[in-house]
Amino acid sequence: MTADSRTGPAGTLADRQAALVAALVAGAPLPPGFDARLVGVARSALLHKRAGEVARHWPLLAAMHGRRWSAVFAAWAADRPTSGSVRDGWDLARHLAAEGALPGPAAEELAVREAGWRYDGRTSARRRRRPALRRTGNVLVVQVAGRVRMWTVPGSRAAFRS
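What comes next concerns the included structure.

The rules behind each value
Residues numbered from 1 in each chain as written. Predicted model: local features only at pLDDT ≥ 70, side-chain atom pairs only at ≥ 80, totals over all residues. Heavy atoms only, no water. Helix = DSSP H or I, 4+ residues; strand = E, 2+ residues; numbered from the N terminus. Contact = heavy atoms within 4.5 Å. Polar contact = N/O pair within 3.5 Å; in protein donor to acceptor, adjacent residues only side chain to side chain. Pairing = 2+ DSSP bridges. Phe/Tyr/Trp six-rings, centres within 6.5 Å; stacked < 30°, edge-to-face > 60°.

## So, the environment of Phe-34
Now for step 1: You can see Phe-34 is positioned in the loop between α1 (13–25) and α2 (36–57).
Now for step 2: As a C-alpha pair, Phe-34 and Leu-20 span 14 residues in sequence and 8.6 Å in three-dimensional space.
Now for step 3: Ignoring any residue separated from it by four or fewer positions in sequence, one finds Phe-34 in contact with Leu-20 and Val-39.

Below, the structure written as structure tokens:
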């Protein structure tokens, strides 16, 4: 294949491949020459696969949405390229919490994660070295020396959870 046959009106092969990947995973416009229905099917399958990967790392977040999990995740992730399943789940949980739409056990899961790890939304998460405290609803989450403990706030039924 000559150099001339790899380029065309839409750019180099690499440019066309990058445009297709962006359309599949980041909501970019469909590049010319592709069947919109087939790309849509592939895009849907990739979002479903991402939802499954996120659910493995964020089981309570996924479980609290039940059968709607894939649809909730796909609606959020449709225009976002993946940052990895842990970070995707973390970003979605924060998004839902900001909207007041994060169910109780999923909020606890987020609080536990944030007590033990630092994550700024842009870079990889790192373990916290100093003590951390998080509260969600009637649950207090404390991390000291790498150990995370949960307590319910006085006046609730349950006491200590590990």
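Still to come is the rest of the account.
## Focus on the side chain of His-65
Now for step 1: Here His-65 shows up in helix α3 (residues 59–65).
Now for step 2: At 2.9 Å, the side chain of His-65 forms a polar contact with the backbone oxygen of Leu-61.
Now for step 3: Not counting chain neighbours up to four residues away, the residues in contact with His-65 comprise Val-72, Leu-96 and Pro-103.

## Brief notes about the pairing of strand β5 (residues 132–136)
Now for step 1: Pairing of β5 with strand β6 (residues 139–144) involves five bridges; the strand directions are antiparallel. Note on β6: the bridge partner recorded for Ala-132 is Gln-143.
Now for step 2: Adjacent in sequence and paired antiparallel, β5 and β6 are bridged by two residues, among which Gly-137 carries a positive phi angle near 55°.

## Brief notes about the packing of aromatic side chains
Now for step 1: Under the defined criterion, the tally for this structure stands at four aromatic pairs.
Now for step 2: Taken together, a centroid distance of 5.9 Å and an interplanar angle of 50° make the contact between Phe-73 and Trp-76 tilted. Pair noted here: Phe-73 and Trp-76 are both in helix α4 (residues 69–77), with a separation of three residues, about one helical turn.
Now for step 3: Ring centres 4.9 Å apart and planes at 40° place the aromatic pair Trp-90 and Tyr-119 in the tilted group. Taken together, the residues span a long stretch of sequence, with Trp-90 in helix α5 (residues 85–98) and Tyr-119 in the loop between β3 (117–118) and β4 (126–127) at a distance of 29 residues.

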